[in-house]
Amino acid sequence: MGGAILMLLLDSVLYAVLAWYVEAVWPGQYGVPKPWYFFLTKSYWIGTTTGGLSWRWEQKIYHP
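Definitions and limits used
Residues numbered from 1 in each chain as written. Predicted model: local features only at pLDDT ≥ 70, side-chain atom pairs only at ≥ 80, totals over all residues. Heavy atoms only, no water. Helix = DSSP H or I, 4+ residues; strand = E, 2+ residues; numbered from the N terminus. Buried < 20%, exposed > 50% of the residue type's maximum accessible area, 1.4 Å probe, protein only. Areas by Shrake-Rupley, 256 points an atom, 1.4 Å probe, with all protein chains shown as cover. Phe/Tyr/Trp six-rings, centres within 6.5 Å; stacked < 30°, edge-to-face > 60°.

### Focus on the overall build of the protein chain
Secondary structure summary: the protein chain contains 3 helices and 2 strands in total. Tracing the protein chain from N to C terminus, the helices and strands come up as α-α-β-β-α. By the burial criterion, 5% of the 64 residues in the protein chain qualify as buried. In the structure as shown, the protein chain presents an accessible area of about 6,000 Å², 70% of it carried by carbon and sulfur atoms.

So this is what it looks like as structure tokens:
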């Protein structure tokens, strides 16, 4: 019984990661697709910065 529950949990995690990846690479009609290797890039995990401030903060500061 415990093995079956463990397999269900493992399958749930596996399908969630697969859905996240497919949705990012093939986003549908209105999305912008990421390259297949997007999760290997530094900018995906850390983000991009310009001059120490994030792009969103600069937009709020300079263009209210």
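More follows now that the structure is in view.
### As for the packing of aromatic side chains
Applying the stated criterion across every chain, the model contains 8 aromatic pairs. Their ring planes at 85° and their centres at 5.5 Å tell us that W36 and Y37 sit as a pair that is edge-to-face. What makes W36 exposed here is its relative accessible area of 59%. Through successive ring pairs, a cluster of aromatic residues spans W20, Y21, F38, F39, Y44 and W45.

### Quick look at the environment of S12
Examined against the element boundaries, S12 turns out to sit in helix α1 (residues 2-25). A residue is classified by how much of its surface remains accessible, and S12, at 45% relative accessible area, is partly exposed.

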